[in-house]
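# Structural characterization, general
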Amino acid sequence: MSADEVAAEIDVDTTPLFSYDRNVFGQFVEHFHREIYGGIYDPGSPLADERGFRTDVLNALRALQVPVVRWPGGSFASGYHWKNAVGPDRTAVFDRAWRVRESNRFGTDEFLAWTAELGAQAYICTNAGTGTLDEMSDWVEYCNAPTGTEWADRRATNGRQRPYGVRYWSVGNENYEEWELGAEDPEAWARRVTEAAKIMRRVDPTIRLLAASNGDPQWTLPMLRSAGKYLDYISVHRYWDALADHNQPAGYLGSMAHTIEPERTIVQLIALLEVSATPHISIAFDEWNLRGWHHPEGNGPDAIGARDLNDDNSTYTMADAIFAASFLNACIRHGDRVRMANFAPGVNARGPLYVHETGVVKRSTYHVFEMYTSLLETHTLPALARTRGLDAEGTEVPLIDVAATGDPESGTVSIALLNKSPESASLVRLRVNGALATDSATVTVLGAASPDAFNDVAHPDDVRPHTDTIKIIDGRLTLAPHSVIVVRLDAEPRDRKGLSWTIGTSGTRGPGNTRTG
Ligand code: AHR
């Protein structure tokens, strides 16, 4: 394709469809390998504060404006007894999910102090594997009840008088999976979620409740029919490049082939919620990542040591950045139904931040979150890309991907664009409200010299964003190869022909708004 050929026609309309939930930019931390101990919490480190929180990690995460953090797992949660990890006497236990010693030094009060420092909301995942209903409701009581009851008083004795007011709670984690401690069949799971939801809501009726679901109708429909009236979200997990047993990460084009899968999953999940007559329930991808975590089965020390492979920074390239951005674009486009997502994990392993003894490395995905939380606006706008396709190892995917956002107050339009081509810049033509854009714009580009570029301790900035101010003429914009771009149009709302900042009620859309052609 010559540089003059248009790779995609992009249309954006400035009438907002809905405000999407910023919780789609959430993170997740689990007691797995070096996420908590040696990650966010490291009392022996000179970089830690008096509570053991790594301040460099906190500062880096603060820049991501993390809205919500899920904890303590993950599969860890399905064997976790939270009462071992509050108060002065901490009992070290054997963590049966990951087969390591858990000191319990970092528990509920530490997590809630840490999220408060971060400025994020806390989301607690309960133990529906080996735990009891009483443990679940006692946990809600410990966190949210005013003093005067057993567990609220215990909280006060442990130093926190006021309730924490934890808003988000889930019943279980992946209890559909044979691997999980306390896995259930669909009917037993439906009963368990119903009873857990009832008892937790009796302690605090204001909590927002999630329950583990795999998206498979066989497994999920009984739960939705039984417990649907108590639930606010289904908790769905997706890792598209499965690496648990063999750590052989997909290369750039293999990763691009996965970029069409999140939107397909969203469409299927919406259909599932519609047919179960639970359209009030939102979707939470409360664990997601392109790459599944490496944790080979087996009992030997080698299996546990192999988890270090997750920390290899060379794995996290522009492929991860573009995949993450394509996932977030799909969430924004479907922001009326997808109302939470938690990148898994937030620190170390496959996370956006790699923590080492003397500092942190911001991986490619870190910059995607930073760009999206700081540059995108509050409302989803209709957007359509009529784009060429890209052959991604035999799978045709849209070359260009778009999600458009706007702010009804200021009139600012901010558009996230992806160019998945490994080697070529792509010319796109942008229309706003039907007219070719002729705006001055601020353009932030996350790119790198190669699609396989990555950041590491010795070269922390090979992948990083750059910002320029440009003038768009006749709607023409050139997108750098393998890049994530946010274009903010600077025109005042009154300058926009046809601008209407009334929230549209006619936001009917097809399964996706990106088409190849
Ligand atoms: O591989 C990490 C694990 O992924 C999480 O603990 C679990 O919830 C999911 O299967």
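### A closer look at the packing of helix α10 (residues 318-333) against helix α11 (residues 364-375)
What describes two packed helices is the angle between their axes and the distance between those same axes. Contact geometry of α10 with α11 gives a least axis separation of 8 Å together with a crossing angle of 30 degrees. Once α10 is placed against α11, the crossing between them reads as right-handed. In contact with D320, A321, A324, A325, L328, N329 and I332 of α10, α11 contributes S364, T365, V368, F369 and Y372. For the contact of α10 with α11, the per-class residue count stands at 8 nonpolar, 3 polar and 1 charged.

### Topic: the site of the ligand
The immediate surroundings of the ligand are formed by E30, G74, S75, W98, N173, E174, H237, Y239, E287, W293 and H295. Separating an oxygen atom of the ligand from a side-chain N or O atom of N173 is a distance of 3.0 Å. Separating an oxygen atom of the ligand from a side-chain N or O atom of H295 is a distance of 2.8 Å. Relative to its unbound accessible area of 280 Å², the ligand is 92% covered by the protein chains.

### As for the confidence of the model for the protein chain
Mean pLDDT over the protein chain: 94, with 94% of residues reaching 70 or higher. Throughout residues 497-517 the model reports pLDDT below 50, and contacts reaching past four residues in sequence, or to other chains, amount to 60 contacts.

### With respect to the pairing of strand β18 (residues 395-398)
In the sheet, strand β17 (residues 389-392) pairs with β18 via 4 bridges, with the strands oriented antiparallel. Counted as the bridge partner of G389 is P398 from β18. Adjacent in sequence and paired antiparallel, β17 and β18 are bridged by 2 residues, among which E393 carries a positive phi angle near 50 degrees.

### Concerning the sheet that holds strand β19 (residues 400-406)
The sheet built from 7 strands is open, its strands ordered β2-β15-β19-β20-β26-β23-β24 with antiparallel pairing. Lying at the two open borders of the sheet, with one neighbouring strand each, are β2 (18-19) and β24 (464-471). Alignment of strand β23 (residues 440-447) against β24, held across 8 bridges, turns out to be antiparallel. When the bridges of β24 are listed, A441 appears paired with I470. Along the sheet, α10 contacts β2, β15 (379-381), β19, β20 (413-419), β23 and β26 (483-489); its crossing angle with β19, the most-contacted strand, is approximately 50 degrees. Its contacts with the sheet place α11 against β20, β23, β24 and β26, and it is angled at close to 15 degrees to β26.

### Some details on the sheet that holds strand β12 (residues 338-343)
Strands pair in a sheet through their backbones, by hydrogen bonds, and they do so in one of two ways: parallel or antiparallel. With respect to topology, 8 strands assemble into a closed barrel ordered β3-β4-β7-β8-β9-β10-β11-β12, the strand pairing being parallel. Shown here is a sheet whose adjacent strand axes are inclined to one another by a mean of 30 degrees, direction ignored. Sheet analysis places strand β4 (residues 68-71) next to strand β7 (residues 121-125), joined by 4 bridges and oriented parallel. Paired with V69 across the two strands is A122, which belongs to β7.

### Some remarks on the domain arrangement of the protein chain
Segmentation of the protein chain into domains returns domain 1 (6-16 + 379-516) and domain 2 (21-375). Centre-to-centre separation of domain 1 and domain 2, based on C-alpha positions: 30 Å. Between domain 1 and domain 2, the contact holds 47 residues from the first and 35 residues from the second. Summing the contributions of domain 1 and of domain 2, the shared interface buries around 3100 Å²; its carbon and sulfur component is 67%. Across the domain 1-domain 2 interface, the total number found is 1 salt bridge. Of the charged contacts, one joins D401 and R333 as a salt bridge, the two residues approaching to 3.2 Å between their closest N and O atoms. One can count 12 residue pairs in polar contact (both at pLDDT 80 or more) joining domain 1 with domain 2. Mapped by element, the contributors of at least two residues to the side of domain 1 that touches domain 2 are β17, β18, β19, β20, β23, β24 and β26. For the side of domain 1 that touches domain 2, the element with the highest residue contribution is β26, accounting for 5 residues.

Rules and cut-offs
- Residues numbered from 1 in each chain as written.
- Predicted model: local features only at pLDDT ≥ 70, side-chain atom pairs only at ≥ 80, totals over all residues.
- Heavy atoms only, no water.
- Axes fitted to C-alpha atoms, helices over the stretch in contact; angles between N-to-C directions.
- Helix = DSSP H or I, 4+ residues; strand = E, 2+ residues; numbered from the N terminus.
- Left-handed = near helix turned anticlockwise from the far one by under 90°.
- Contact = heavy atoms within 4.5 Å.
- Nonpolar A, V, L, I, M, F, W, Y, C, P; charged D, E, K, R; others polar.
- Near = heavy atom within 4 Å.
- Polar contact = N/O pair within 3.5 Å; in protein donor to acceptor, adjacent residues only side chain to side chain.
- Areas by Shrake-Rupley, 256 points an atom, 1.4 Å probe, with all protein chains shown as cover.
- pLDDT = per-residue confidence, 0-100.
- Pairing = 2+ DSSP bridges.
- Domains from an automatic or database assignment.
- Buried area = accessible area lost by both parts, 1.4 Å probe.
- Salt bridge = Lys/Arg side-chain N within 4 Å of Asp/Glu carboxyl O.

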